[in-house]
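The residues making up each chain are set out below.
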Amino acid sequence: GKPAAGRVRPRPTRERDSWDPRLGRHRALMTTVVDLVPDNPGRVKKEILRSGDGEVPPPGSRVHVHYAGRLTDGSEFDSSYKRNKPLEFVAGLGQVVAGWDHCVLSMRKGERCRLTLAPEYAYGDHTVGPIPARSTLVFDMELVDWGPGGETAKGLCLKIAVALAAVALAMYHMKPETPR
């Protein structure tokens, strides 16, 4: 498979399950930080907490993502874990905030990451529920599963074009009414 896009910088961190009873302390884990939008550095950062397996989903894939979202002050505003139901959506079509599309299309099944989104890749100037306008958001995410089943933008445009052509052809072959 292809490596995730952007700059990669390994750095040590601690994770809850990194406790090593033999050492009596947390093991230093190496995580990878990826800048997902290299043209706009630092605006969409993904810290890989656990690697996944297989290929990354192509745009148009139906994905299932568990997440917990919070503001930079640590206050949680939403969690699929608390609902015990991953969010399902079609990746790459703008059904979620832009930063999520960038992230999910770089993840492998089972991967866990911490995603930090600048406001322009989240909700921008809009207040959404408990999320104030111009907020940087932090998500702990896990790609639970993905597969086909989503409609790609190209496929949808093609269906619309075919339908419009059929209507135009039908109208062309209709006999005009004779004026009285």
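Report follows, based on the coordinates. In this numbering scheme, every chain counts its residues from 1 along its sequence in written order. In keeping with the predicted nature of the model, local features appear solely for residues at pLDDT of at least 70, side-chain atom pairs appear and are counted solely at 80 or more, and the whole-chain, interface and lining totals rest on all residues. With hydrogens and water excluded, all non-hydrogen atoms of the structure serve as input to the side-chain values.

Per the convention used, a helix needs a DSSP run of H or I reaching at least four residues, while a strand needs a run of E reaching at least two, with both numbered from the N terminus. Counting secondary structure elements, the chain contains three helices and 10 strands. Buried residues are those whose accessible area, probed at 1.4 Å on protein chains only, stays under 20% of the maximum for their type, while exposed residues exceed 50% and partly exposed ones sit between those limits. Of all 180 residues assigned to the chain, the portion counted as buried reaches 34%. Considering only contacts within the chain whose residues lie at least 6 apart along the sequence, 60% involve residues at least 24 apart. All accessible areas in this document rest on Shrake-Rupley with a 1.4 Å probe, and a residue is counted as covered only by the protein chains that are shown. Per element, the accessible surface of the chain, about 11500 Å² overall, is 56% carbon and sulfur. In this description, contact between two residues means that some pair of their heavy atoms is separated by no more than 4.5 Å.

Pairing of aromatic rings covers Phe, Tyr and the six-membered ring of Trp, with a centre-to-centre limit of 6.5 Å; geometry is then stacked below 30 degrees between planes, edge-to-face above 60, and tilted otherwise. On inspection of all chains with the given rule, the structure shows five aromatic pairs. Arranged with centres 5.9 Å apart and planes meeting at 50°, the rings of F89 and W100 form a pair that is tilted. Remark: W100 occurs in helix α2 (residues 98-104) and F89 occurs in strand β8 (residues 87-90); sequence separation between them is 11 residues. Judged by relative accessible area, W100 falls into the buried class, the value being 4%. Put simply, the rings of Y67, F77, F89, W100 and F139 pair up and form one aromatic cluster.

Let us look at the side chain of S61. With respect to the secondary-structure elements, S61 resides in the loop between β5 (44-50) and β6 (62-71). Within polar-contact distance, the side chain of S61 engages the backbone oxygen of P58 at 2.7 Å. In this view, S61 contacts F89, V90, A91, W146 and G147; residues no more than four positions away in its chain are not counted. By the criterion applied in these results, polar contacts are pairs of N or O atoms within 3.5 Å in which, for protein atoms, one can donate a hydrogen and the other can accept it, and in which residues neighboring in sequence qualify only through two side-chain atoms.

This next bit is on unusual backbone geometry. Most peptide bonds are trans, and most residues other than glycine sit at a negative phi. At N84, a position not held by glycine, the phi torsion is positive, near 60°. By the element assignment, N84 lies in the loop between α1 (80-83) and β8. Overall, the relative accessible area of 66% leaves N84 in the exposed class. The phi torsion at R134 lies on the positive side, around 60°, for a residue other than glycine. Locating R134 in the fold gives a position in the loop between β9 (112-117) and β10 (137-147). Take R134: its relative accessible area is 45%, and that puts it in the partly exposed class.

Sheet topology places β6 next to strand β7 (residues 76-79); three bridges connect them, and they run antiparallel. Residue pairing across strands places A68 opposite S79, the latter belonging to β7. The hairpin formed by β6 and β7 contains four residues between the paired strands, and G74 there has a positive phi angle of roughly 95°. Criterion used throughout: strands pair if DSSP finds at least two bridges between them.

Now for the pairing of β10. With 10 bridges connecting them, β6 and β10 associate as antiparallel partners. Among the inter-strand pairings, H64 is bridged to a residue of β10, identified as D145.

Glancing now at the environment of P58. Positionally, P58 belongs in the loop between β5 and β6. Measuring from C-alpha to C-alpha, the distance between P58 and L105 comes to 6.5 Å, with 47 residues separating the pair along the chain. Those residues in contact with P58 that lie beyond four places of it in its chain are L105 and W146.

So, on to the state of the cysteines. Criterion for a disulfide: a pair of cysteine sulfur atoms at a distance within 2.5 Å. With the rule as written, the count across this model stands at zero disulfides. Of all cysteine sulfurs in the structure, the one in C103 sits closest to C113, which takes part in no disulfide; the separation is 3.7 Å.

Right, let's get into the pattern of salt bridges. Between Lys or Arg on one side and Asp or Glu on the other, a salt bridge is scored when a side-chain nitrogen of the former is within 4 Å of a carboxyl oxygen of the latter. With the rule as written, the count across this model stands at 10 salt bridges. A salt bridge links E88 to R62; its shortest N-O distance comes to 3.4 Å. Within this pair, whereas E88 is found in strand β8, its partner R62 is found in strand β6, the two being separated by 26 residues in sequence. Looking at E88, the relative accessible area reads 41%, which means it is partly exposed. Among the ionic pairs, R70 bridges to D140, the shortest N-O distance being 3.1 Å.

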